[in-house]
Amino acid sequence: MKLILIFSALFGASLCLESFVGHQVLRIKARNEEEVKKLQLLDSLEHLELDFWINPSTPALPVDVRIPANGVQAVKAFLESHGIEYSILIEDLQVVLDKEKQDMACSQQRDRSSNSFNYGTYNSLDAIYAELDHLASEFSNIVSKLKIGESYEKRPLYVLKFSTGGRNRPAIWIDAGIHSREWVTQASAVWIAKKIASDYGKDPSITSLLNKMDIFLLTVSNPDGYVFTHTTNRMWRKTRSKNQGSPCVGVDPNRNWDAGFGGPGASSNPCSDSYRGPRANSEVEVKSVVNFIKNHGNIRAFLTLHSYSQLLMYPYGYKCTKPADYAELDALGRAAANSIRSLYGTTFTVGSICTTIYQASGGSIDWSYDYGIKYSFAFELRDTGRYGFLLPVNQIIPTAEETWLGLKTIMEHVRDNSY
């Protein structure tokens, strides 16, 4: 065991990975609005360099926060002095990261000997892109690969198109990994790509869906951020664009869409993890998707995968009013959540973004819904905080399997309810 840890430490060092030794993740439970306000004050103290995994918003929701080693005692003292309840979710983040690296190294060893793509591990961008090529060649009758643009650092944005032919048919959009550290989303998306391709002609539901509609799947929405999480900082969330007049890098791409842009729940500070950017669509990763959807003109559903918290949400986030299609979206969300639960018993909470988590402006499904795409949903995959963004590799395939059942329920409804 000692040797493995030494190896993983060396492996980390060789990649210049940022260390998180002594960083703790706390779960804080505010009992009232006053305590929520105190936690929001804590969030504003930049010198503490806190990384809120779940933001303080309402007493109904827990707050998860990563605290650098040198701030742990100060934050605990603050909480205790105000009588705010907390527990330790992760005692030492680096220990969990080392385990993740060790699991990935073991699976890489096995993959080399079998020469096949391992869907049950966290793969590099290059490995994911190679698998997209493989799927497009193995299932060339229904799968093709499109480049819809390039990231800030000039990495291609690849979409898989699943189609049985025809021109400009109604289509479903699915994306994953807009926040780069949410690794289970990119991993699930690649598994889902293989599932769609291999189930056509075998699963009557998918066969009838693809005989009527196309599916577009963007497996890695933020490739620069994703590479950065593998090479430098596992906890990176944003894009990697440079911000004029600031040493801080990146924009939160899910605060950058033209939907209530610049409103509540997005920051104007380039150093914040929820920095909205200088203007709507400033991020080429966002603009490329917007352009693709506008140019296509017949997208009927917009489905985006995030983690974590086990939520299935519909608009709105930038405002707290119900969408016009509230009753249908809510019923469909609940049906999808039931499908998810049917496999492993994983429970998802369903509701609008604003009522389920917090007000957040500039989000993708608000833009898609306002653009006229009625079936706009955001999934927050496993778990509910035990591991957070560091979901163990043995949960990747179960997560993908249950997510697929939820997606399928929504896609069947879209297929049968044209508008």
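Within each chain, residues carry numbers counting from 1 in the order of the written sequence. Only residues with pLDDT of 70 or above have their local features reported here, since the model is predicted, and side-chain atom pairs are shown and tallied only from 80 upward, although totals for entire chains, interfaces and linings are computed over all residues. In computing side-chain values, all of the structure's heavy atoms are included and hydrogens and water are not.

### Describing the pattern of salt bridges
Take a side-chain nitrogen of Lys or Arg and a carboxyl oxygen of Asp or Glu: if they are within 4 Å of each other, that pair is a salt bridge. Overall, the coordinates contain 21 salt bridges when judged by the stated rule. Glu100 is the salt-bridge partner of Arg234, the closest N and O atoms lying 2.8 Å from each other. Taken together, the residues Arg234 in the loop between α8 (223-231) and α9 (284-296) and Glu100 in helix α4 (residues 93-114) connect sequence positions 134 residues apart. Comparing Arg234 with Glu100 shows no difference in burial state: the two are buried. Secondary structure follows DSSP: runs of H or I at least 4 residues long count as helices, runs of E at least 2 residues long count as strands, and numbering of each begins at the N terminus. Burial classification: accessible surface area is computed with a 1.4 Å probe over protein chains only, and a residue below 20% of its type maximum counts as buried, one above 50% as exposed, and the rest as partly exposed.

### Re the packing of aromatic side chains
Pairing of aromatic rings covers Phe, Tyr and Trp, the last through its six-membered ring, and needs centres within 6.5 Å; plane angles under 30 degrees mean stacked, over 60 mean edge-to-face, and all others mean tilted. For the coordinates displayed, the defined rule picks out 19 aromatic pairs. On the basis of an interplanar angle of 85 degrees and a centroid distance of 6.4 Å, the ring pair of Tyr314 and Phe377 is categorised as edge-to-face. Taken together, the residues span a long stretch of sequence, with Tyr314 in strand β10 (residues 311-314) and Phe377 in strand β12 (residues 375-381) at a distance of 63 residues. Neither residue differs from the other here; Tyr314 and Phe377 are each classed as buried. Considering the side-chain rings of Trp367 and Tyr371, the 5.1 Å spacing of their centres and the 10 degrees angle between planes classify their relative orientation as stacked. Residue class for Tyr371 comes out partly exposed when judged on its relative accessible area of 38%. Chaining the aromatic ring pairs together yields one cluster made of Trp173, Phe216, Trp257, Phe292, Phe302, Trp367 and Tyr371.

### Structural notes on the packing of helix α6 (residues 183-199) against helix α13 (residues 396-416)
Axis definition: a line fitted to C-alpha atoms, over the contacting stretch in the case of helices. Angles run 0 to 180 degrees between N-to-C directions. Taken N-terminus to C-terminus, the directions of α6 and α13 make an angle of 65 degrees; their axes are 9 Å apart at the nearest point. In this structure, the crossing between α6 and α13 has a hand that is right-handed. For the pair formed by α6 and α13, the contact residues are Val184, Ala187, Ser188, Trp191, Ile192, Lys195 and Ile196 on the first element and Ile396, Ile397, Thr399, Ala400, Glu401, Thr403, Trp404 and Leu407 on the second. Looking at side-chain class alone, the contact of α6 with α13 contains 10 nonpolar, 3 polar and 2 charged residues. Whether a crossing is left-handed or right-handed is set by the direction in which the near helix is turned from the far one by less than a right angle, anticlockwise for left-handed and clockwise for right-handed. What makes two residues a contact is simply this: any of their non-hydrogen atoms within 4.5 Å. When residue character is reported, Ala, Val, Leu, Ile, Met, Phe, Trp, Tyr, Cys and Pro are called nonpolar, Asp, Glu, Lys and Arg charged, and the others, Gly included, polar.

### Topic: the state of the cysteines
Counting rule for disulfides: a pair of cysteine sulfur atoms within 2.5 Å. Scanning all chains against the criterion turns up 2 disulfides. Cysteines bonded in the chain are numbered consecutively along the chain; their disulfide partners then correspond to 1-2, 3-4.

### Examining helix α10 (residues 326-344)
Here a helix's expected span is defined as the number of its residues, less one, multiplied by 1.5 Å. Taking 1.5 Å of rise per residue, the 19 residues of α10 would be expected to cover 27 Å, and the 28 Å separating its terminal C-alpha atoms lies within 8% of that figure. Next to the buried residues of α10 lie β10, β11 (349-352), α12 (364-370), β12 and α13. Two residues or fewer after α10 comes Gly345, characterised by a positive phi angle close to 80 degrees.

### Brief notes about the side chain of Ser198
In this fold, Ser198 is placed in helix α6. Identification of polar contacts relies on pairs of N or O atoms within 3.5 Å, with a donor-acceptor requirement for protein atoms, meaning one able to donate a hydrogen and the other able to accept it, and with residues adjacent in sequence counted only if both atoms are side-chain atoms. Polar side-chain contacts of Ser198 include one of 2.7 Å to the backbone oxygen of Lys194.

### As for the side chain of Thr219
Mapped onto the elements of the fold, Thr219 is located in the loop between β8 (214-218) and α8. Relative accessible area serves as the criterion here: at 0%, Thr219 is assigned to the buried category. Those residues in contact with Thr219 that lie beyond four places of it in its chain are Ile128, Leu132, Tyr158, Ala176, Gln186, Ala189 and Val190.

### Details of the confidence of the model for the chain
As a per-residue measure, pLDDT reflects the predictor's confidence and takes values from 0 up to 100. In this model, the chain carries an average pLDDT of 94, and 96% of its residues clear a pLDDT of 70 or more. A low-confidence stretch, residues 1-14 stays under pLDDT 50, and its non-local contacts, those more than four residues away or across chains, total 9 contacts.

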